[in-house]
Amino acid sequence: MNCPFYLASKVFTAAAFVAIFGSSAFADCEALIGKFNVALESRSISDAQSLESKIAVDASCGGRLVEVQRRRAALELLLAQQMIDKQAPISEFEALVVDADKPDVLWRAAVGLGDIRFRQRRFDEATRAYERALETIKNPSKTPTSPSEQNIRAVFNRAAESRMLAANEEGGAGNSQFVSASKDQRDGKIGGTMSPDIRGFKPTAIPIPIGFETASAKFTSIGAQAAKELAEVLREQAPSEITLVGHTDERGEAGYNMRLSGERVRAVASYLQQNGINAKITTIAKGKSEPLSLTDMSDLKQEDIWALNRRVVWKRN
């Protein structure tokens, strides 16, 4: 099946193409696409990549490159999935997924890479991949057909969890870091997990990776970066009111945890107010009473679960 030919946001018909470029140019492009289709049918990644490179620099092929890249990436994901189904080790299919994600045109490829990095406990890289997937989903030119709300929600949840784990400063791993939410590809504002709308899915509860020093309401260095980003998002999105909910992990006495979560969430509210956020802020302390509901704990350690439960959640009102 041939790819649709796009010029800006309008479908560029074959007749219009011939009128501008001539029939010989159209034939040259069709020949390249035909060979590319044969390469896909024979599942030859190397041949498909070679033809993709020619299509990329061939003026007669115009705007067909993104669709060509998406189809090649989809084939690589299919081949990788077949290896996964056979329980092959990551080393055997990792390169396929990495290559599928390189053009940044297929959200499933970014999710696939995120899943690999998550299993490898490279949470910073996993977060960037999931965040990129959310932005690719938001981009109609890269994702003409929106995924289901269920799929978008699953990517959002994984991105939020991975972001929290990347920022986890407990456990002595020494590689904790703040990973910024992705920028929106259309207007440059903070997007990704902080987006108000992802193709119809509207996140209403967003975990923020604000870390605190042990038994304290003082931000860690990573926590300070996360609080600063939250303030930037609120300035951009300008809600009239927000709710901040504080949670702790299961360790410690219930009353102590309730007090601590209250102190911490009020510290976040105070920071926002001191940094120009005029929205009405409601704070709620939950202590350890509402642990995060995790659907997949197969790649998580106990320390990870504790880290995910130590959270401040921004709720959009």
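Going by the structure above, here's the rest.
Bear in mind that the values here come from a model prediction, so they are computed numbers and not experimental data.

**Observations concerning the overall build of the protein chain**
Helices and strands together make up the secondary structure of the protein chain, namely 11 helices and 6 strands. Within the protein chain, the proportion of its 317 residues that are buried is 49%. For the protein chain, long-range pairs separated by at least 24 residues make up 68% of all intrachain contacts whose partners lie at least 6 apart in sequence. Approximately 15500 Å² of the protein chain is accessible, and the part contributed by carbon and sulfur atoms is 51%. Taken as two groups, the 42 positive and 40 negative side-chain charges of the protein chain have centres that lie 3 Å from each other.

**Regarding the pairing of strand β5 (residues 280–287)**
Of the pairings in the sheet, the one linking strand β4 (residues 241–247) to β5 comprises 7 bridges and is parallel in character. Considered in β5, the bridge of V245 is made with I284. With helix α10 (residues 254–274) bridging β4 and the parallel β5, this β-α-β connection has right-handed handedness.

**Side note on the side chain of E229**
Considering the arrangement of structural elements, one finds E229 in helix α9 (residues 221–237). Within the structure, E229 has its side chain in polar contact with the backbone nitrogen of A181 (distance 2.9 Å). Beyond its immediate chain neighbours, meaning those up to four positions away, E229 contacts R163, F178, S180, A181, I190 and M194.

**Quick notes on the packing of α9 against α10**
With their axes 10 Å apart at the nearest point, α9 and α10 run at an angle of 55° to one another. It follows from the interaxial angle that α9 and α10 lie oblique. Seen along the crossing, α9 lies across α10 with a hand that is right-handed. Taking contact as the criterion, the partners of A227, K228, L230, A231 and L234 in α9 are, on α10, V268, Y271 and L272. Its residues assigned to classes, the contact of α9 with α10 comprises 7 nonpolar, no polar and 1 charged.

**Examining the packing of aromatic side chains**
Applying the stated criterion across every chain, the model contains 4 aromatic pairs. Judged by centre distance (5.7 Å) and plane angle (65°), the rings of F156 and F201 are edge-to-face. Residue F156 is found in helix α8 (residues 149–166), and its partner F201 is found in the loop between α8 and β3 (205–208); the two are separated by 45 residues along the sequence. For the ring pair F219 and Y271, a centre distance of 5.8 Å and an interplane angle of 70° mean the geometry is edge-to-face. Of this pair, F219 sits in the loop between β3 and α9 while Y271 sits in helix α10; the two residues are 52 residues apart in sequence, bridging distant segments of the chain. What makes F219 buried here is its relative accessible area of 17%. Aromatic rings pair up to connect F212, F219 and Y271 into one cluster.

**Describing the pattern of salt bridges**
Where charged atoms of side chains with opposite charge meet at close range, the side chains can pair. Under the defined criterion, the tally for this structure stands at 28 salt bridges. For K138, the salt bridge is made with D184, and the minimal N-O distance between the two is 2.8 Å. Taken together, the residues span a long stretch of sequence, with K138 in helix α7 (residues 123–138) and D184 in the loop between α8 and β3 at a distance of 46 residues. You'll find K138 and D184 in the same group, each marked buried. If you follow the salt bridges from partner to partner, you end up with E52, R72, E76, D99 and K102 in one network.

**What about the side chain of R311?**
Within the fold, R311 resides in the loop between α11 (302–309) and β6 (312–316). In this structure, R311 is in contact with M164, V245, G246, H247, E290, P291 and L292, ignoring residues within four places of it in sequence.

**Considering the environment of P196**
Along the chain, the position of P196 falls in the loop between α8 and β3. Residue classification places P196 among the partly exposed positions, given a relative accessible area of 44%. Along the sequence, P196 and L244 sit 48 residues apart, while their C-alpha atoms lie 16 Å from each other. Those residues in contact with P196 that lie beyond four places of it in its chain are F201, K202, P203, Q237 and R316.

**Looking at the nonpolar core**
Core analysis: the largest hydrophobic core is formed by 54 residues, its most contacted members being M194, L230, L244, V268, L272 and W314. Discounting chain neighbours no more than four positions away, the residues touching W314 are M194, T204, A205, I206, I208, L230, V233, L234, Q237, I242, T243 and L244.

**A look at unusual backbone geometry**
A negative phi angle is the norm for most residues apart from glycine, just as the trans form is the norm for most peptide bonds. Residues other than glycine seldom take positive phi values, yet R121 does so here, at roughly 60°. Structurally, R121 can be placed in the loop between α6 (107–119) and α7. For R199, which is not glycine, the phi torsion reads 50° and is therefore positive. Mapped onto the fold, R199 is located in the loop between α8 and β3.

Reading guide: rules and limits
- Residues numbered from 1 in each chain as written.
- Predicted model: local features only at pLDDT ≥ 70, side-chain atom pairs only at ≥ 80, totals over all residues.
- Heavy atoms only, no water.
- Helix = DSSP H or I, 4+ residues; strand = E, 2+ residues; numbered from the N terminus.
- Buried < 20%, exposed > 50% of the residue type's maximum accessible area, 1.4 Å probe, protein only.
- Contact = heavy atoms within 4.5 Å.
- Areas by Shrake-Rupley, 256 points an atom, 1.4 Å probe, with all protein chains shown as cover.
- Lys, Arg positive; Asp, Glu negative; His and termini not counted.
- Charge placed at Lys NZ, Arg CZ, Asp CG, Glu CD.
- Pairing = 2+ DSSP bridges.
- Right-handed = clockwise from strand over helix to strand, strands pointing away.
- Polar contact = N/O pair within 3.5 Å; in protein donor to acceptor, adjacent residues only side chain to side chain.
- Axes fitted to C-alpha atoms, helices over the stretch in contact; angles between N-to-C directions.
- Parallel < 35°, antiparallel > 145°, perpendicular 65-115°, else oblique.
- Left-handed = near helix turned anticlockwise from the far one by under 90°.
- Nonpolar A, V, L, I, M, F, W, Y, C, P; charged D, E, K, R; others polar.
- Phe/Tyr/Trp six-rings, centres within 6.5 Å; stacked < 30°, edge-to-face > 60°.
- Salt bridge = Lys/Arg side-chain N within 4 Å of Asp/Glu carboxyl O.
- Core = buried A, V, L, I, M, F, W, Y, C linked by side-chain atoms within 4.5 Å.

Any link to function would need more than the numbers given here.
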